[in-house]
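Letter by letter, the chains look like this.
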Amino acid sequence: MNPLLVVGSANVDYVLRVPRFPAPGETLAASSLRTFPGGKGANQAAAAALAGAPTTLCAAIGQDASGEFLMTQLSARGVDLSLLTRVPTETGTAVIYVDDTGENQIVIAAGANGVLDPAFVRETVAESHADFILVQLEVSQVVVRSCLLDGKKVILNPAPFRPIPGEILSQLFLITPNETEFAGLTGSDASSIQGLRQGAGFLREKGVNQVIVTLGARGCFWTDGVNELLVEAPQVQPVDTTGAGDAFNGALAAELASEKAIEEALRFAVAAASLSATQPGAMASFRSREEVENLMRSALNSSDQALR
Ligand code: RIB
């Protein structure tokens, strides 16, 4: 498979299981507290590496025990850490509530992610053998700009949501918002095909080459302005949806980097995301290519049976 460069954040996730989300001013008892590797950049790099792409993560972590923990977890998943910088700032942290339905709420302290050096990123992207660069919005906008070099295909996962200047949008190969980010970016509603077409058209007019909207359990929508696809996700019982979007983005980027046809890449990515929702944690819930392909096969078999 072809190489992929992921530029982004790395966090330690402190995950509290709660029966429901607390109301303002309320104190609630959690049933458990677990520590997981996370951060959208690190998660997406892990998902891509597990999908089989030779993946390098360009990120900043602290010179602390959390940084060591992340390095161990990422190398166990096959991520190349040669572009990871250690800075004298604490490693990024996320506090995550997961409720009984598997939904989450996340609060982040950027820490080292906030000091990832844009000049280093620019140099790294310029020297990288990867044609595809995957980046998110847990790093500064200057870092995102540093990825936009001629000849590179930049995939932006616009998470967490922030307004994006037209000058960045116009240089993107692909943008992958979820429904909330899509509404924030375009003012359109992802619940109908008309809304998806309208919002995607708006982004294409800004100069984005291709648009994918992730639709949770409904799968995803893709368009390049001429063709479009709606790809269903295999149905699963969700335990924790944290990181499902990262599983999707990492798996998708791995497939695109390896020149897979878009429909094949989307089917693999939605299956990787569905599978991740069946396990606790973000990166910790990502599975190998083989396990994702097994889920795709069993989803195909059950839809065949439903047709008989
Ligand atoms: O997308 C999930 C991730 O968001 C978590 O791992 C957390 O660290 C936050 O970055």
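This text goes with the structure placed above it.
Heads up: these notes are all about the structure in this document. (Residues numbered from 1 in each chain as written. Predicted model: local features only at pLDDT ≥ 70, side-chain atom pairs only at ≥ 80, totals over all residues. Heavy atoms only, no water.)

### Comments concerning unusual backbone geometry
Cis geometry is adopted by the peptide bond preceding Pro 160, which originates at Ala 159 and carries an omega value of -5°. Locating Pro 160 in the fold gives a position in the loop between strand S9 (153–157) and helix H5 (166–169). The phi dihedral of Glu 259 is positive, around 60°, even though this residue is not glycine. As for its position among the elements, Glu 259 is in the loop between helix H8 (244–257) and helix H9 (262–276). Its relative accessible area of 66% is what places Glu 259 among the exposed residues. (Helix = DSSP H or I, 4+ residues; strand = E, 2+ residues; numbered from the N terminus. Buried < 20%, exposed > 50% of the residue type's maximum accessible area, 1.4 Å probe, protein only.)

### Some details on the sheet that holds strand S8 (residues 132–136)
Sheet strands pair by backbone hydrogen bonding; their relative direction is either parallel or antiparallel. Pairing in this open sheet of nine strands is mixed, and the strands run S5-S4-S1-S8-S9-S10-S11-S12-S13 from one edge to the other. Both edges of this open sheet fall to strand S5 (84–87) and strand S13 (228–231), since each of them pairs with a single strand only. Pairing between strand S1 (residues 4–7) and strand S4 (residues 55–62): four bridges, direction parallel. Looking across to S4, one finds that Val 6 is bridged to Leu 57. Packed onto the sheet, helix H1 (residues 40–51) meets S1, S4, S8 and S9 and runs at close to 155° relative to S4. (Pairing = 2+ DSSP bridges. Contact = heavy atoms within 4.5 Å. Axes fitted to C-alpha atoms, helices over the stretch in contact; angles between N-to-C directions.)

### Let's talk about the pairing of strand S6 (residues 92–98)
Only one face of S6 is buried, namely the one carrying Gly 92, Ala 94, Ile 96 and Val 98, since none of Thr 93, Val 95 and Tyr 97 on the opposite face is buried. Here strand S2 (residues 11–17) runs beside S6; their pairing, made up of seven bridges, is parallel. Counterpart to Val 12 in the pairing with S6 is Thr 93. Sheet analysis places S6 next to strand S7 (residues 104–109), joined by six bridges and oriented antiparallel. What sits directly across from Tyr 97, in S7, is Gln 105. Hairpin geometry of S6 and S7 is characterised by an intervening segment of five residues between the two adjacent antiparallel strands and by a positive phi of about 95° at Gly 102.

### Focus: the sheet that holds S7
Pairing within the open sheet is mixed, and its four strands lie in the order S3-S2-S6-S7. Strands with a single pairing partner mark the edges of an open sheet, and in this sheet they are strand S3 (32–38) and S7. With strand direction ignored, the average angle separating the axes of adjacent strands in the sheet is 20°. Taken together, the seven bridges between S2 and S3 define a ladder with antiparallel strand orientation. Residue pairing in the sheet places Tyr 14 in a bridge with Thr 35 of S3.

### Some remarks on the site of the ligand
Neighbouring the ligand are Asn 11, Asp 13, Gly 38, Gly 39, Lys 40, Asn 43, Ala 94, Ile 106, Glu 138, Gly 243, Asp 246 and Ala 282. A distance of 2.9 Å separates an oxygen atom of the ligand from a polar backbone atom of Gly 39. Here Asn 43 contributes a side-chain N or O atom positioned 3.0 Å from an oxygen atom of the ligand. For the ligand, the protein covers 97% of the area, taking 280 Å² as the surface of the free molecule. Given that more than half its atoms are within 2 Å of the pocket grid, the ligand belongs to the largest pocket. Only S2 and H1 provide two or more residues apiece to the shell around the ligand. Grouping the constituent residues of the shell around the ligand by class yields three nonpolar, five polar and four charged. (Near = heavy atom within 4 Å. Polar contact = N/O pair within 3.5 Å; in protein donor to acceptor, adjacent residues only side chain to side chain. Areas by Shrake-Rupley, 256 points an atom, 1.4 Å probe, with all protein chains shown as cover. 1 Å grid on protein atoms, 1.4 Å probe; cavity = no way out; pocket = protein on both sides within 12 Å on 5 of 7 lines; lining within 4 Å. Sits in = over half its atoms within 2 Å of the grid points. Nonpolar A, V, L, I, M, F, W, Y, C, P; charged D, E, K, R; others polar.)

### With respect to the pattern of salt bridges
This model, assessed by the stated rule, comprises 10 salt bridges. Across the salt bridge formed by Glu 255 and Arg 289, the nearest N and O atoms sit 2.3 Å from each other. With Glu 255 in helix H8 and Arg 289 in helix H10 (residues 289–307), this residue pair connects regions lying 34 residues apart in the sequence. Note on accessibility: Glu 255 and Arg 289 belong to one class, buried. Among the salt bridges present, the one from Arg 267 reaches Glu 263, with a minimum N-O distance of 2.8 Å. (Salt bridge = Lys/Arg side-chain N within 4 Å of Asp/Glu carboxyl O.)

### What to know about empty space enclosed by the protein
The final tally for this structure, using the stated rule, is two cavities of 30 Å³ or more. Considered as a void within the structure, the largest cavity measures approximately 70 Å³ in volume. Along the walls of the largest cavity sit Ala 47, Leu 50, Ala 51, Ala 247, Ala 251, Phe 268, Ala 272, Phe 286, Arg 287, Ser 288, Arg 289 and Val 292, which together make up its complete lining. Within the residue set of the lining of the largest cavity, elements represented by two or more residues are H1, H8, H9 and H10. Ranked by residue count, the leading element in the lining of the largest cavity is H1, at three residues. For the lining of the largest cavity, the per-class residue count stands at nine nonpolar, one polar and two charged. Roughly 30 Å³ of internal volume is contained in the second largest cavity. In this structure, the second largest cavity is lined by Leu 137, Gln 141, Val 144, Leu 156, Pro 163, Ile 164, Pro 165 and Ile 168. (Points joined across faces, edges and corners; volume = space filled by probe spheres on them.)

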